[in-house]
Amino acid sequence: MSLRASGAGAALFAALALPIIASAHSPRPGGETVKPVFRQAIPNIPGKSLVSVEVTYKPGAASTPHHHAGSAFIYAHVLSGAIRSQVDDQPARIYRTGETWFEVPGAHHKISENASKTEPARLLAVFIVDSTEAVLTTPDHQ
């Protein structure tokens with residue numbers, strides 16, 4: 001799989017990648033760091049792309065409550081540590097290394113935080129999203 005594109009595809013790829021690349025390795029207000037991993041148009045689903053990011057939480061760190069892009073279906077996989085998550089009105093739950101959850105388009109991610117005050121935690125978030133979506137995460141206060 002290639003991350004390269006040409007012509008109009010290259011311009012679209014560059015425009016869509018900027019919001020993710022700009023946040024790479026930079027802490028956000030909630031204390032997490034987001035690192036882009038992969039972005040690729042899905043060839044057999046016109047207009048859709050697969051985007052993945054690695055989210056790292058320092059001990060005790062949390063994300064601001066947020067929504068994701070309106071078209072985003074998200075699969076989250078805990079790579080290390082333990083993540084407390086609450087989506088919509090589901091009960092909050094702690095997910096440990098190797099465990100997963102998903103978020104449907106339009107879901108409200110009320111809690112996303114490191115469940116430990118002493119150990120870091122990491123997760124991989126995989127988005128299936130409209131290729132035209134430029135912003136993947138919007139904090140509630142915006």
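Residues numbered from 1 in each chain as written. Predicted model: local features only at pLDDT ≥ 70, side-chain atom pairs only at ≥ 80, totals over all residues. Heavy atoms only, no water.

Q: What is the right way to read the overall build of the protein from this model?
A: Within the protein one finds 1 helix and 11 strands. When the elements of the protein are put in sequence order from the N terminus, they spell out α-β-β-β-β-β-β-β-β-β-β-β. Scored against the burial criterion, the 142 residues of the protein give a buried share of 33%. Contacts in the protein between residues at least 24 apart in sequence constitute 65% of all its contacts with a sequence separation of at least 6. (Helix = DSSP H or I, 4+ residues; strand = E, 2+ residues; numbered from the N terminus. Buried < 20%, exposed > 50% of the residue type's maximum accessible area, 1.4 Å probe, protein only. Contact = heavy atoms within 4.5 Å.)

Q: Explain the environment of alanine 69 to me, please; I cannot follow it from the model alone.
A: If you trace the backbone, alanine 69 turns up in the loop between strand S4 (66-68) and strand S5 (73-80). When its relative accessible area of 5% is taken as the criterion, alanine 69 is described as buried. Measuring from C-alpha to C-alpha, the distance between alanine 69 and glycine 106 comes to 7.2 Å, with 37 residues separating the pair along the chain. The contact partners of alanine 69, leaving out residues within four places of it in the chain, are Val129, Glu133, Val135 and Leu136.

Q: Explanation requested: the packing of aromatic side chains in the structure shown.
A: Within a pair of aromatic rings, the relevant descriptors are the distance that separates the centres and the angle that separates the planes. By the definition in use, this model includes 2 aromatic pairs. Considering the side-chain rings of phenylalanine 73 and phenylalanine 102, the 5.8 Å spacing of their centres and the 25° angle between planes classify their relative orientation as stacked. Taken together, the residues span a long stretch of sequence, with phenylalanine 73 in strand S5 and phenylalanine 102 in strand S8 (residues 100-103) at a distance of 29 residues. Note on phenylalanine 102: relative accessible area 51%, which makes it exposed. Ring centres 4.5 Å apart and planes at 35° place the aromatic pair tyrosine 95 and tryptophan 101 in the tilted group. Of the two residues examined, tyrosine 95 and tryptophan 101, each falls in the buried class. (Phe/Tyr/Trp six-rings, centres within 6.5 Å; stacked < 30°, edge-to-face > 60°.)

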